[in-house]
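Structural features, examined
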Amino acid sequence: MTDWKIEKQKFLSMKLEEKRKEYRTKKYYTVDDVPTWKDYVISKRKSNKLLPAIPLLESNKIESSLNSKLADKVSFFTGDITTLEIDVIVNAANKALRGGGGVDGAIHRAAGYNLLQSECQTLNGCPEGEAKITGGYKLPAKYVIHTVGPQGEKPGLLQLCYRNSVQIMLDHKYRTIAFPCISTGIYGYPLEPAAHVAVMEVRKQLEKYHEDIDRVIFCLFGEIDEQIYIGILQSYFPVL
Ligand code: ADP
């Protein structure tokens, strides 16, 4: 077997305590460390500190009967996606699946650059909108789903990134996943329109598959991302 296959299995079969010693990041967060969206809203309402809502886009529709169930299934987390100790983190990759800049670079470094690169290079790249899975190696996350976002504002392709990533997670029966704000860095998709697409598509997947999913985490990377997501989540995942 090639080295990456041996290493992939090694990290996947390690006891958690043992694996934690291998993390390149000092801190890690389990799904229980990340408040659900419902808990976040309830606590902010109590202190009157909930930021204003951003309304649903007119073309987007939600199945309101599921609101109460689904508000427990999503979260936002502001920080480095490589610190999440969950089943799957999603990478905003490039078509060649070669470790690049931004979140891609951070994920490769934290996984162990050569290990993750070696596996990625066996996958024959990835077209825009599609997704492929690898091991997580030294990351706290068990697996990485690499998806290639569009360059610029192309909602259909961005939506596919979220849908295909969730589908791969479900195919493998994993239950927790975190997304970065795909395409909103180097690929230049404006953050607010991208957030409407991301949150709507996750909502659609949860409406269908909520029984097979424990948590979808939107991993944000700054205060502006946070303001937008807090605004948008209130409309797409209303908490009564
Ligand atoms: P893309 O090429 O798809 O635009 P980027 O990596 O440039 O990908 O940016 C995607 C998003 O990821 C941006 O919002 C950026 O701020 C964010 N980001 C960058 N590094 C990290 C990280 N370590 N964890 C989470 N998000 C990150």
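Structure report, in brief. All values reported here derive from a predicted model rather than from experimental measurement. (Residues numbered from 1 in each chain as written. Predicted model: local features only at pLDDT ≥ 70, side-chain atom pairs only at ≥ 80, totals over all residues. Heavy atoms only, no water.)

Let us now look at the site of the ligand. The environment of the ligand is formed by 15 residues, the closest being Asp 80, Val 103, Ser 183, Gly 185 and Ile 186. Ser 183 places a main-chain nitrogen or oxygen 2.9 Å from an oxygen atom of the ligand. Interatomic distance of 2.8 Å between a backbone N/O atom of Ile 186 and an oxygen atom of the ligand. Within the complex, 88% of the 560 Å² of free accessible area of the ligand lies under protein. Because more than half of its atoms lie within 2 Å of the grid, the ligand is assigned to the largest pocket. (Near = heavy atom within 4 Å. Polar contact = N/O pair within 3.5 Å; in protein donor to acceptor, adjacent residues only side chain to side chain. Areas by Shrake-Rupley, 256 points an atom, 1.4 Å probe, with all protein chains shown as cover. 1 Å grid on protein atoms, 1.4 Å probe; cavity = no way out; pocket = protein on both sides within 12 Å on 5 of 7 lines; lining within 4 Å. Sits in = over half its atoms within 2 Å of the grid points.)

This paragraph deals with the side chain of Thr 176. Turning to its location among the elements, Thr 176 is positioned in strand β7 (residues 176-179). A distance of 2.9 Å separates a polar side-chain atom of Thr 176 from the backbone nitrogen of Asp 87. (Helix = DSSP H or I, 4+ residues; strand = E, 2+ residues; numbered from the N terminus.)

Considering only enclosed or pocket space, the largest pocket measures out at about 510 Å³ in volume. In terms of residues, the lining of the largest pocket owes the most to one element, helix α5 (residues 102-111), which gives 4 residues. For the lining of the largest pocket, the per-class residue count stands at 13 nonpolar, 8 polar and 3 charged. (Points joined across faces, edges and corners; volume = space filled by probe spheres on them. Nonpolar A, V, L, I, M, F, W, Y, C, P; charged D, E, K, R; others polar.)

Next up on the list: helix α1 (residues 3-13). For α1, the set of buried residues is Trp 4, Lys 8 and Phe 11. Each buried residue of α1 sits inside an arc of 75° when the element is viewed along its axis, so together they form one side. Packing partners of the buried residues in α1 comprise α2 (16-20), α6 (113-120) and β5 (131-135). (Buried < 20%, exposed > 50% of the residue type's maximum accessible area, 1.4 Å probe, protein only. Arc of directions from axis to C-beta. Contact = heavy atoms within 4.5 Å.)

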